[in-house]
Amino acid sequence: MGSGAFPPLGFGDVTTNELSTAMRRALKRADDGKTLDPAEVEVLLTASGTALTALMATAARVRDQGLADAGRPGIITYSKKVFIPLTRLCQDRCHYCTFATTPGRVHAPYLSPDEVLEIARQGAALGCKEALFTLGDAPEKRWDAARVWLEEAGYDSTLDYVRAMSIRVLEETGLLPHLNPGVMSWQDLQRLKPVAPSMGMMLETTSRRLFEEKGQPHYGSPDKDPAIRLRVLEDAGRSNVPFTTGLLIGIGENLTERSESIFALRKIARQYNGIQEVIIQGFRVKPDTAMRNDADVPLDEWLAAIAATRIVLGPRVRVQAPPNLVDLAECRALLDAGVDDFGGVSPLTPDHVNPERPWPQIDDLAKVTADAGFVLRERLTAHPEYLREPWLDPRLISHVEALIDPETGLANEDAKPVGLPWQEPDGGWDSVGRTDLHTAIDTEGRRTETRSDFDAAYGDWDVIREDVAARRAAGTSLPLTAGRDAAASATESGSGDASPPPHHSSAPIRIDADVKAALAAAADNPAGLSDAQALTLMTVTGPALDHLAKIADDLRKEVVGDDVTYVVNRNINFTNVCYTGCRFCAFAQRRTDADAYSLSMDEVAQRAEEAWVIGASEVCMQGGIHPDLPGTAYADLVRAIKDRVPQMHVHAYSPMEIVNGSVRTGLSIEEFLISVKDAGLDSIPGTAAEILDDDVRWILTKGKLPTASWIEVISTAHKVGLPSSSTMMYGHVDEPRHWVQHLRTIAEVQDQTGGFTEFVLLPFIHQNSPIYLAGVARPGPTYDENRAVHAMSRIMLHGRIDNIQCSWVKLGVDGCVAVLNGGVNDIGGTLMEETISRMAGSKHGSRKSIEELTAMATAAGRPARQRTTTYGEVPVRSNTLLELA
């Protein structure tokens, strides 16, 4: 909240004796719309009496502002739903829970499909629109009965069964699933998003004490680790999954821990905009639990937590409190505390988590709401702002449209759910949009500087800046200069440009002892450098850098000789429509943006044939994660090329695309890779690596796959016989130590699989990159850094990866010549069309002829030689035009 966001509230009726100085100050700052810190919120959490009244009044005004901003002033929402307790078995042992039980106390480990559908059908008949899947967390990890049931039913995991039942509910009843399956991985979220408009998981608390100390409520419950649960919330935001979360108040957390939990939710909500609602739930004692002798959280304490949360989260996030946990008359107090949503209310099924507390009648709840001056309206499982791209998967659009009021985005209360097919989009599509971008980028340039949703697609830039600043202050990560303000100094130092630094460089002549020792080690045992030695060499300049480059170049000559190799290829980017939210990417567009396009399969095949005719041996094909792209499209595109040009080597699909195809087809990663290999795929690019360090990745990109998933995809590709390149994009929000560790990771994968054909260095192109335009990243690596990184790649990967490639698109001719004299043996390909770097602002063109590539090698004093994708000899062909103008 900004200063002065709300009108002032008078404290004339509150005396000094009634309020402590700290409380008065915190209330005043909250009332003035000031940003509160955790200590002030800790004070507010103790509010009672007149202080609580004042706190709630401020919270209510924040709520009212949020409803007005959302275009629905005075509207309090709820969702009419049925609860489907898919399994009551759970691997956790929470001390307050009566929902989780043991196999001997249930008739079966899981509800059968018939039981699931019967509940859903009854709910649809009563006008419900949401099916809330409530279940224990990964019970197969604890209970043999759950493992056996899943195996006999043909499911690999509980989450596989959740997915299958969600599809059945969509197709046979029309209810919209909301999934609460507990802890999910990034890949789980990708797999479940197409079958549910929203998901959820309570954070409950960030207190590690309650998790780690014996006797505390989360002790012995592996999935209640706060770090794991926060990671799920972050992954959901990265994956554009509308997510419900919340806190459980009064389970033993102290006020500091409670305040910290609220701020943890605030950070994630701001960073990804994916938390659609936060539930503040008061603890209620239940018999037959380890906490049966504890006390219910007092109402005033609960109300203070609701109000404080509302103020901290601000007007955008919906705040919910379950109306069945208080008497009907006390629901008015929930509204007074800033609640704007009552959550799910069921006319059919009990609250399986709090079965002793029946749901209020909707008419009675509507009357309480009206008495408070509001109107109660039914919503769908996701709030209105989340029922569109990129939050809503295209496969759910028809199901949502059948139930939504198009004017408000809330529920059409007269609509009756009817089962509708859930299916992949069909495999055919036409060329649309700016399909000439591959040539027009060189003649006309971009039509817009940024994509149209720049302020929303990447999360909250202010939070990202704050995160980067905190890391710099702690000395844990990231360069000290970033954004446009660094451009002037970058120009002087060579940053963001492949040109040599000025001759008046003040690089020291003398090489200190540590550098000398590291250089000696590199020459004597290149792959055996310690991390400290490698880091020392990554940062050398002047004569030391020259010495490093010579060591690398001697190794190059020893391993692969003097030939500078290249491949005659064509890049085909079949679509640039993408909602992943990579903050470095200037290529991705919304489908309605002026520069957006998609190519038909026929157009892709035609471009491949054109490339073959003029001598290409490879097409390198990648595209954005288009929401309408069917999972089968990846194999279909390969077949289309192979049908047209059977001998063309198809080098296609980044690990991110492979995960997307796996999710959309329902195949495992291995099964999907086998399917595209069977279609004719020959190898894959090891792109989407950027920096293989998640701390860097989650600043650099909002939604791309984590490091572990990248390694899994690449390793699996190698296992099924698909070789790959490997890459590193550097010079943005990273540091030299990240480069060292990235190279270590690449080396470890190669040691295990042997499947990398080359290592490709990709300097960050900053000019049009969103993360640079937002002032977060620096303007690319310096000239010296480019030389050092290429040399160190040769040295650290010695004996593992023979081919080190530079990018002429990013470095230009002079930059490539410099690194060809420092360990590099390959200059990539002719490309024919290079749109990604050009959209980012590269000035070095989008194609090179064979003559131009040969001239580059000649400038380095070396011969040039054409190669295949996998560095073999190119067969002699006739009827080709090798002069690639």
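Before reading on, note that the structure itself is shown above.
Residues numbered from 1 in each chain as written. Predicted model: local features only at pLDDT ≥ 70, side-chain atom pairs only at ≥ 80, totals over all residues. Heavy atoms only, no water.

Let us look at the overall build of the protein. What the protein contains, in helices and strands, is 32 helices and 20 strands. For 885 residues, the compact-globule estimate of 2.2 N^0.38 gives 29 Å, and the protein sits close to it at 30 Å. Based on the C-alpha atoms only, the size of the protein along its principal axes is roughly 85 × 60 × 55 Å. Residue burial in the protein is summarised as follows: out of 885 residues, 61% are buried. In the protein, the proportion of contacts linking residues at least 24 apart, taken out of those at least 6 apart, comes to 77%. (Helix = DSSP H or I, 4+ residues; strand = E, 2+ residues; numbered from the N terminus. Rg over C-alpha atoms; globule rule 2.2 N^0.38 Å. Buried < 20%, exposed > 50% of the residue type's maximum accessible area, 1.4 Å probe, protein only. Contact = heavy atoms within 4.5 Å.)

Here we come to the sheet that holds strand S14 (residues 618-622). Read across the open sheet, the 3 strands follow the order S12-S14-S15; overall the sheet is parallel. With partners counted over all chains shown, the strands left at the sheet margins are strand S12 (569-573) and strand S15 (649-652), one partner each. Across the sheet, the mean angle separating the axes of adjacent strands is 20° when strand polarity is ignored. (Pairing = 2+ DSSP bridges. Axes fitted to C-alpha atoms, helices over the stretch in contact; angles between N-to-C directions.)

Our focus in this paragraph is helix H9 (residues 226-238). Helix length check: H9, at 13 residues, gives a terminal C-alpha distance of 18 Å against a target of 18 Å (1.5 Å per residue), a fit within 8%. Inspection of H9 places Pro226, Arg229, Val232, Leu233, Asp235, Ala236, Gly237 and Arg238 among the buried residues, and these make up the whole buried set. Contact partners of the buried residues in H9: helix H7 (186-192), helix H8 (209-212), strand S5 (243-249), helix H10 (255-272) and helix H25 (694-700). The opening residue of H9 is Asp225, an N-cap whose side-chain oxygen sits 3.0 Å from the backbone nitrogen of Ala227. Phi turns positive, to about 55°, at Asn240, one or two residues after H9. (Expected span 1.5 Å × (residues − 1). Polar contact = N/O pair within 3.5 Å; in protein donor to acceptor, adjacent residues only side chain to side chain.)

Under the criterion given, the structure shown has 60 salt bridges. A salt bridge links Glu234 to Arg238; the shortest N-O distance between them is 3.6 Å. Here the residue Glu234 and the residue Arg238 both occupy positions in helix H9, the gap between them amounting to 4 residues, near one helical turn. Classification of Glu234 as partly exposed rests on a relative accessible area of 23%. (Salt bridge = Lys/Arg side-chain N within 4 Å of Asp/Glu carboxyl O.)

So, on to the side chain of Gln91. Along the polypeptide, Gln91 turns up in the loop between strand S1 (75-87) and helix H4 (113-125). Among the polar contacts listed, one links the side chain of Gln91 to the side chain of Asp223, at a separation of 2.5 Å.

This paragraph deals with the packing of helix H1 (residues 21-31) against helix H3 (residues 49-69). Interaxial distance between H1 and H3 falls to 10 Å at its minimum, and their mutual angle equals 15°. Judged on the interaxial angle alone, H3 and H1 are roughly parallel. You can see that H1 and H3 cross each other, and the crossing is left-handed. Residues Met23, Leu27, Ala30 and Asp31 of H1 lie in contact with H3, whose contacting residues are Ala51, Ala54, Leu55, Thr58 and Arg61. Among the residues making up the contact of H1 with H3, the classes are represented as 6 nonpolar, 1 polar and 2 charged. (Parallel < 35°, antiparallel > 145°, perpendicular 65-115°, else oblique. Left-handed = near helix turned anticlockwise from the far one by under 90°. Nonpolar A, V, L, I, M, F, W, Y, C, P; charged D, E, K, R; others polar.)

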